[in-house]
Each structure stands twice: as C-alpha cells, then as structure tokens.
Amino acid sequence: QQLRAFWPDASAATPVPAQNTEVLHDFMFRLFATCMYTPECSVLAFMYVLRLLSYHPHLRVTPRNCQRLLLCSVMVAQKIHDDTPLRNVDFAVAWGRVLPGERPVPVERVNAMERVFLGALGFDLYVPRDQYEACVSELHGVVRHHSATSPRLPLLLEKHAA
C-alpha cells in the first residue's frame with residue numbers, strides 16, 4: 001500500500017507519457033549529467049529496482065511510476081556508493097531540470113519515496129561484486145541487442161558519450 005508513494009499525485013492532469021528504451025535512456029542520461037554521480041550508481045539503481053520487483057512481485061513498473069522509481073533508486077545508490085552524496089533536495093531540484101514539463105516533486109515527496117523504497121527493500125542494499133559484474137555484463141548484452149533492433153539507440157549512445 002505504501003508503494004503508492006511512487007505514483008504521481010492524483011491531482012496531476014498530465015497525460016501518461018509513453019516509456020520506451022529511448023525515453024528511459026534519455027531520462028537516465030539527463031539525470032546522470034545533472035547530478036554528476038558515478039556511472040556505477042546507474043547499475044546499482046537498476047539492481048535495486050530489480051530487487052524491489054523480486055521482493056514485491058505485485059508491483060508493476062508503469063509509465064506513471066518508472067521515472068520516480070529510477071529517481072529514487074539512483075538517489076539511494078548514489079548515497080550508498082559515492083563519496084560525496086547528494087541531498088534529497090538536490091534530487092528534487094534535478095527532477096525539475098531533467099523533466100521540465102512535469103510537475104515538480106517536492107522534497108517531502110522525495111523523502112517519502114526514499115523511506116518507502118528503503119522499507120520495501122528491507123534496507124537490503126548490499127550488492128556482491130560478482131552480482132554487480134554479472135549485471136554489467138547483462139546490460140552490455142541488452143544494449144547490443146537493442147542496438148541491432150533500434151536504429152536510434154546507437155545514435156543516442158554516441159550523442160551521450162560525446
């Protein structure tokens with residue numbers, strides 16, 4: 001029930017954006033560029049979302065909640081991994097810069113999402129090195145697969161690598 005913290009406010013009258021690989025890649029890159037966390041945080045964030053879904057199989061990632069889940073998982077990963085963690089208010093500000101057309105996420109909402117996210121994970125944030133390396137390898141495979149089927153993905157990767 002508390003996982004509802006990841007859904008947008010019911011009062012938001014904005015249409016649900018379509019989420020595909022390109023949209024999510026662009027979101028993650030803009031968040032990365034804005035917050036300047038280490039690249040390992042993106043992998044850890046992905047692993048935390050997968051762990052959350054394995055602990056709560058009833059939870060569905062939807063266009064309404066996926067970016068909030070990613071924001072929260074990156075925030076937690078950045079606090080755990082990086083030497084100089086950002087504050088929750090920094091991520092609330094980053095949300096507005098990364099998604100300027102969206103309603104702002106107040107820091108109180110970011111705080112609530114973090115509490116719920118950590119509670120839903122049972123504060124299980126440790127990732128063994130072999131699992132991390134296996135995830136990186138799998139993500140490389142996913143990128144190779146999508147590069148073959150999505151002609152725009154290599155262009156996005158090239159654009160963001162520059």
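The structure this text deals with has already been given above.
Residues numbered from 1 in each chain as written. Predicted model: local features only at pLDDT ≥ 70, side-chain atom pairs only at ≥ 80, totals over all residues. Heavy atoms only, no water.

Student: Help me get a handle on the overall build of the chain, residues and values and all.
Tutor: Per the secondary structure count, the chain includes 7 helices and 0 strands. Shown N-terminal to C-terminal, the secondary structure of the chain runs as helices and strands in the order α-α-α-α-α-α-α. Expressed as a percentage of contacts within the chain between residues at least 6 apart in sequence, the contacts between residues at least 24 apart total 77%. As presented, the chain carries roughly 9,300 Å² of accessible surface, and 60% of it is formed by carbon and sulfur atoms. (Helix = DSSP H or I, 4+ residues; strand = E, 2+ residues; numbered from the N terminus. Contact = heavy atoms within 4.5 Å. Areas by Shrake-Rupley, 256 points an atom, 1.4 Å probe, with all protein chains shown as cover.)

Student: Please provide a residue-by-residue account of the packing of helix α4 (residues 88-98) against helix α5 (residues 107-120), values included.
Tutor: The interhelical angle for the contact between α4 and α5, taken along N-to-C directions, is 115°, at an axis separation of 9 Å. Taken as axis vectors, α4 and α5 run roughly perpendicular relative to one another. In this structure, α4 crosses over α5, and the sense of that crossing is right-handed. Along the contact surface, α4 presents N88, V89 and A92, while α5 presents V107, V110, N111 and E114. Broken down by class, the residue content of the contact of α4 with α5 amounts to 4 nonpolar, 2 polar and 1 charged. (Axes fitted to C-alpha atoms, helices over the stretch in contact; angles between N-to-C directions. Parallel < 35°, antiparallel > 145°, perpendicular 65-115°, else oblique. Left-handed = near helix turned anticlockwise from the far one by under 90°. Nonpolar A, V, L, I, M, F, W, Y, C, P; charged D, E, K, R; others polar.)

Student: Describe the pattern of salt bridges, and please don't skip the residues or the numbers.
Tutor: For the structure shown, the criterion picks out 5 salt bridges. Taking the shortest distance from any N to any O, the salt bridge between R30 and D26 comes out at 2.9 Å. Of this pair, R30 and D26 both sit in helix α1 (residues 21-35), 4 residues apart, roughly one helical turn. The exposure class assigned to R30 is partly exposed, which follows from its relative accessible area of 29%. D124 is paired through a salt bridge with R51; the nearest N and O atoms lie 3.4 Å apart. Pair noted here: D124 is in the loop between α5 and α6 (129-149) and R51 is in helix α2 (residues 40-55), with a separation of 73 residues, a long-range link. The class for D124 is partly exposed, based on a relative accessible area of 28%. Classification of R51 as buried rests on a relative accessible area of 13%. (Salt bridge = Lys/Arg side-chain N within 4 Å of Asp/Glu carboxyl O. Buried < 20%, exposed > 50% of the residue type's maximum accessible area, 1.4 Å probe, protein only.)

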